[in-house]
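# Fold and contact review
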Amino acid sequence: MGNITIVNNTTDKITVSIGDTGESGGAGFYEIASKCSDAWKRNLLQVCYVLRADNGKTEVFVSEPGKTYQIGGNTMNEVTIVSNTKEKITVSITNTGENGWTTRIV
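Residues numbered from 1 in each chain as written. Predicted model: local features only at pLDDT ≥ 70, side-chain atom pairs only at ≥ 80, totals over all residues. Heavy atoms only, no water.

## As for the environment of G25
With respect to the secondary-structure elements, G25 resides in the loop between strand 2 (14–18) and strand 3 (30–32). The class for G25 is exposed, based on a relative accessible area of 53%. Spatially, the C-alpha atom of G25 lies 8.5 Å from that of K41, the residues being 16 residues apart in sequence. (Helix = DSSP H or I, 4+ residues; strand = E, 2+ residues; numbered from the N terminus. Buried < 20%, exposed > 50% of the residue type's maximum accessible area, 1.4 Å probe, protein only.)

Structure below.
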């Protein structure tokens, strides 16, 4: 049991529906403004539909209670690494963008 959270990182609104198969609650469509989020209380895996106003595309995926899903934007986080030793540090960062391309920095 938990919330399924959708974060809108796009430049425009998104319209979201999270299924309610086997649960109480509504599976209607709800708008989330740019740079805002909303959460749905669910106990089971559910299908999530997202209509993006910024590019007109629809995204469909399986959502899991207790997880947060980022829609659009650059979801790569900034990381600061501090070394207090003289040893070499190797860092690998992998970012999979909206287009499915993967960027890897080593």
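## Details of the pairing of strand 2
Among the five residues of strand 2, five are classified as buried, and the element is accordingly described as predominantly covered. With three bridges connecting them, strand 2 and strand 3 associate as antiparallel partners. Bridge assignment links T15 to a residue of strand 3, and that residue is E31. Both strand 2 and strand 5 (residues 46–52) contribute to a ladder of five bridges, which runs antiparallel. The partner of T15 across the bridge, within strand 5, is L51. (Pairing = 2+ DSSP bridges.)

## As for the packing of aromatic side chains
For the structure shown, the criterion picks out two aromatic pairs. Each ring, one from F61 and one from Y69, has its centre 5.1 Å from the other, and the planes form 40°; the classification is tilted. Of the two residues, F61 and Y69, neither departs from the other in class, the shared state being buried. (Phe/Tyr/Trp six-rings, centres within 6.5 Å; stacked < 30°, edge-to-face > 60°.)

## Structural notes on the sheet that holds strand 6 (residues 58–63)
Across the sheet, four strands lie side by side as 3-2-5-6; this open sheet has antiparallel pairing. Strands with a single pairing partner mark the edges of an open sheet, and in this sheet they are strand 3 and strand 6. Within the sheet, the average angular offset between the axes of one strand and its neighbour, ignoring direction, is 25°. (Axes fitted to C-alpha atoms, helices over the stretch in contact; angles between N-to-C directions.)

## As for the sheet that holds strand 4 (residues 37–42)
In sheet architecture, strand pairing relies on hydrogen bonds along the backbone and comes in two forms, parallel and antiparallel. Spatial ordering of the open sheet is given by 4-1-7, a layout of three strands whose pairing is mixed. Each edge of the open sheet is held by one strand with a lone partner, namely strand 4 and strand 7 (68–71). This sheet shows a mean twist of 20° between the axes of neighbouring strands, independent of strand direction. For strand 1 (residues 2–8) and strand 7, the ladder comprises four bridges, and the chain directions are parallel. Of the residues in strand 7, the one forming a bridge with N8 is I71.

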